[in-house]
Amino acid sequence: MEPTYFDHNATTRLDDTVLEAMLPYFQQEFGNASSRHSYGINARRAIDKARKQVAEAVGVQPVQVIFTSGGSEANNLFIRGAVDSLKPGNLFISAIEHPCVLKPAQAIARRSCDAWTVHQLTINPDGQADVAAAEAAMQANKPGVVSVMLANNETGVIQDVAAIAGLARSHGAYIHTDAIQGLGKIPVDFAALQVHAMTLSAHKIYGPKGAAALIVDKRLLLKPLIYGGGHENGLRSGTENVPAIVGFGVACELARVRLTETAQHTARLREQLETGLLGMGATIFGNQAARIPNTCYFALPDIEGDTLVVKLDKAGFAVAAGAACSSVNPGQSHVLTAMQIDPMLARCAVRISLGRDNTLQQVDDFLRATQRIVAELRQINSLSF
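The residue count restarts for each chain, going from 1 along the sequence in the order it is written. The model is predicted, so local features are restricted to residues of pLDDT at least 70 and side-chain atom pairs to those at 80 or more, both for listing and for counting; the totals for chains, interfaces and linings are taken over all residues. Neither water nor hydrogens contribute to the side-chain values; these are computed over all heavy atoms in the structure.

Visitor: Requested: an account of the nonpolar core, with residues and values cited.
Guide: In this description, a nonpolar core means a group of buried Ala, Val, Leu, Ile, Met, Phe, Trp, Tyr and Cys residues linked to one another through side-chain atoms lying within 4.5 Å. Burial classification: accessible surface area is computed with a 1.4 Å probe over protein chains only, and a residue below 20% of its type maximum counts as buried, one above 50% as exposed, and the rest as partly exposed. Judged by nonpolar contacts, the single largest core of 71 residues is most densely connected at Phe67, Val146, Met198, Leu200, Ile215 and Phe248. Looking at which element gives the most residues to this core, the answer is helix 8 (residues 242-279), with ten residues. Phenylalanine 67 has contacts with Ile47, Ala50, Arg51, Val54, Ala212, Ala213, Glu232, Arg236, Ile245 and Phe248, leaving out every residue within four places of it along the chain. Counting residues in hydrophobic clusters, the runner-up holds 26 residues, among them Val350, Phe366, Leu367 and Leu377. Here a helix means four or more residues in a row that DSSP labels H or I, a strand means two or more in a row labelled E, and each is numbered from the N terminus. It only takes one pair of heavy atoms within 4.5 Å for two residues to be counted as in contact.

Structure (structure tokens):
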């Protein structure tokens, strides 16, 4: 049996069309986009086209797209860039943010040179930021900067970003959303979300690693992380990675065109998957909330998530025990902790994230393999007592 990849929230296979568009910019069109000769002009035109493609994917103007090396850099650019451009105040983030939002926020809280205070927004057991609690918290401590992700990378739960953005704006705060996991899976509209900034990444939408963007409101003031030649409107200096940016643009265009088809397909796969898992007695985290259609985060009681992931990998199925970005820091998921999930059950968590190339047959094969592995593990557990 061919190996099956069920970890699309970690990364995706580069689309053939994307690769084809990128290839000329490694050799034939290798110019530096800042050069004035024809090689540089061709590179600049390619970047301009990609900037337009990325902008169209979320309904903004090309000038609002700031290219970065990845989602982590883009999130850091907003968090640190916004804080450093404002007077000290209160920074609000949700308790389920990606580490590249959580860690810069924690670093800011530890700084002795200013008086920024970091607050975490409460998460309910369904995995959603509590809007009423957020309103009360912001009334008590006026926010200066707020960041809430659009869709969680572990549970897939969609957050009410527009409602929280309304609260943030009512206090005059900057509001940002990490929309990396939403792009290509649900409609993502910058204006509708009412944010000042948004993070996107190429490699979650069948594009290349090493390309991402911070989408910014034209009135947003940020201090850059990287100083130099003043690239990207002065917000991100450094010679542009033309092949990756070109690939990002094409991936965004394909994601926009294929959105409905991809969402419907992965939703059908997930429905079949979760029906089978529930039949095995699984708990599915966040299934009472709106989720991106490709994500299932589940636990089978008494079956360690890490053990199940290893066994499934040997059986030919690539899945995740939580988020790939946290694999260097094993332990209970901070997302499940925020959801108040029992620690013993949280240790059993496994994430499946489906893609447009997955099939119903692969889901059926996965369910059979899981049932067999779980039966073997439970037999071993029973013999050990």
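Visitor: Which residues make up the pairing of strand 3 (residues 90-94), and what values do they have?
Guide: The element strand 3 is extensively covered by neighbouring structure, given that five of its five residues are classed as buried. The two faces of strand 3 match: Asn90, Phe92 and Ser94 on one face and Leu91 and Ile93 on the other face are all buried. Here, strands pair whenever DSSP counts at least two bridges between them. Where strand 3 meets strand 4 (residues 117-121), five bridges bridge the pair, whose relative direction is parallel. The partner of leucine 91 across the bridge, within strand 4, is valine 118. Where strand 3 and strand 5 (residues 143-147) come together, four bridges link them in parallel fashion.

Visitor: So what's going on with helix 9 (residues 305-314)? Residues and values would help.
Guide: Turning to helix 9, its buried residues are Gly305, Leu308, Val309 and Leu312. The arc that holds the buried residues of helix 9, viewed along the axis, is 100°, so those residues lie on one side. Turned more than 90 degrees away from the buried face of helix 9, the exposed residues are Asp306 and Lys314. Just downstream of helix 9 lies glycine 316, where phi reads positive at about 105°. Each C-beta atom gives one direction from the helix axis, and the arc is the one those directions make.

Visitor: Please give an account of the packing of helix 5 (residues 131-140) against helix 6 (residues 161-170) that cites residues and values.
Guide: Where helix 5 contacts helix 6, the axes come no closer than 10 Å and their chain directions differ by 10°. The orientation of helix 5 with respect to helix 6, classified from their angle, is roughly parallel. Taken together, the residues of helix 6 that come into contact with helix 5 (itself represented by Val131, Ala134, Glu135 and Met138) are Ala163, Ile164, Leu167 and Ala168. Along the lines of polarity and charge, the residues of the contact of helix 5 with helix 6 split into seven nonpolar, no polar and one charged. In this analysis, axes come from line fits to C-alpha atoms, helices being fitted only over the stretch in contact, and the angle between any two N-to-C directions falls in the range 0 to 180 degrees. Between 65 and 115 degrees an angle is taken as roughly perpendicular, under 35 as roughly parallel, over 145 as roughly antiparallel, and anywhere else as oblique. When residues are sorted by character, Ala, Val, Leu, Ile, Met, Phe, Trp, Tyr, Cys and Pro go into the nonpolar class, Asp, Glu, Lys and Arg into the charged class, and all the rest, Gly among them, into the polar class.

Visitor: So what's going on with the confidence of the model for the protein? Residues and values would help.
Guide: Model confidence for the protein is summarised by a mean pLDDT of 95, while 96% of its residues fall at 70 or above. Values of pLDDT, ranging from 0 to 100, describe the predictor's confidence in every residue of the model. Across residues 324-329, confidence stays below pLDDT 50; counting only partners more than four residues off in sequence or on other chains, it has six contacts.

Visitor: I'd like to hear about the pattern of salt bridges, residue by residue, with values.
Guide: Salt bridge, as applied in this entry: a Lys or Arg side-chain nitrogen positioned within 4 Å of an Asp or Glu carboxyl oxygen. If you walk through the whole model with that rule in mind, you get 16 salt bridges. Of the charged contacts, one joins aspartate 15 and arginine 356 as a salt bridge, the two residues approaching to 2.2 Å between their closest N and O atoms. In this pair, aspartate 15 sits in the loop between strand 1 (4-5) and helix 1 (16-22) while arginine 356 sits in the loop between strand 12 (349-353) and helix 12 (360-383), placing the two residues 341 residues apart along the sequence. Residue classification places arginine 356 among the partly exposed positions, given a relative accessible area of 23%. Salt-bridge contacts for glutamate 304 lead to arginine 347; the nearest nitrogen and oxygen are separated by 3.0 Å. Here glutamate 304 is found in the loop between strand 10 (295-299) and helix 9, whereas its partner arginine 347 is found in the loop between helix 11 (343-346) and strand 12, with 43 residues between them in sequence. Overall, the relative accessible area of 46% leaves arginine 347 in the partly exposed class. Overlapping salt bridges, with partners in common, bring together Asp15, Arg258, Arg356 and Asp357 in one network.

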